[in-house]
Amino acid sequence: MGARVVGVAARDGSQAQRLIDAGMPFTLLVDPDNEVRRAIGADDKFSRLRLLDPRGAVAYLRSISHAKYYGLTPSEARRRPGVVILDAQLNPTWTHIGRGVGDYPDVEVVLTELRRAI
């Protein structure tokens, strides 16, 4: 569709390098100051009450194990995930801000929104 996928690592270059080494199939940028996260409105953390939902608890525990591998703190593991589609001028045309760890939209949802944006 002529779009480009870019991931944003919120820590440092070593985290991005680990993801690349693990086979990440797209470009990764490093944003240690979370400027991109703030720009799309995903800079807050989800509530610890979210962990009362069994799915949230399982996802959080999984994120903690991944956090240890990537050198993240438990607080960093609570950051809300986000997906954004930008137009050619880098203006957001669609945004999904996760309500908890691992709350990403289905790929088909993203592709549908991308088709609308083109």
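Residues numbered from 1 in each chain as written. Predicted model: local features only at pLDDT ≥ 70, side-chain atom pairs only at ≥ 80, totals over all residues. Heavy atoms only, no water.

A. Here's a closer look at the overall build of the protein. Secondary structure summary: the protein contains 5 helices and 4 strands in total. Overall, the protein shows an N-to-C arrangement of helices and strands of β-α-β-α-α-α-β-β-α. Out of the 118 residues belonging to the protein, those deemed buried represent 26%. Partitioning the contacts of the protein with sequence separation of at least 6, the portion at a separation of at least 24 is 41%. Roughly 7,900 Å² of accessible area belongs to the protein as shown, and the carbon and sulfur atoms make up 54% of that amount. (Helix = DSSP H or I, 4+ residues; strand = E, 2+ residues; numbered from the N terminus. Buried < 20%, exposed > 50% of the residue type's maximum accessible area, 1.4 Å probe, protein only. Contact = heavy atoms within 4.5 Å. Areas by Shrake-Rupley, 256 points an atom, 1.4 Å probe, with all protein chains shown as cover.)

B. Examining the side chain of asparagine 34 more closely. By the element assignment, asparagine 34 lies in the loop between β2 (27–30) and α2 (35–39). Asparagine 34 sits in the buried class, given a relative accessible area of 11%. Beyond its immediate sequence surroundings of up to four residues, asparagine 34 is in contact with Ala10 and Arg79.

C. Seen up close, the pairing of strand β4 (residues 92–97). Inspection of the sheet shows strand β3 (residues 82–86) paired to β4 by 5 bridges, in the antiparallel sense. Across the sheet, valine 84 pairs through a bridge with threonine 95, a residue of β4. The turn linking β3 back onto β4 is made up of 5 residues, and leucine 90 within it adopts a positive phi angle of 70 degrees. (Pairing = 2+ DSSP bridges.)

D. Examining a nonpolar patch on the surface more closely. Among the surface-exposed residues, Val6, Val8, Leu29 and Val36 lie close enough to one another that they form a single nonpolar patch of about 290 Å² accessible area. Tracing the sequence through the fold places leucine 29 in strand β2. For leucine 29, a relative accessible area of 45% translates into the label partly exposed. (Patch = residues over 30% accessible without salt bridge, like charges linked within 9 Å, V, L, I, M, F, W, Y side chains within 5 Å. Salt bridge = Lys/Arg side-chain N within 4 Å of Asp/Glu carboxyl O.)

E. Region of interest: the environment of alanine 10. As for its position among the elements, alanine 10 is in the loop between β1 (6–9) and α1 (13–21). In the structure, alanine 10 is positioned 22 residues away from proline 32 in sequence and 4.8 Å away in space, judged by C-alpha atoms.

F. Geometry of the side chain of glutamate 113. You can see glutamate 113 is positioned in helix α5 (residues 107–117). Assessed through its relative accessible area of 17%, glutamate 113 is described here as buried.

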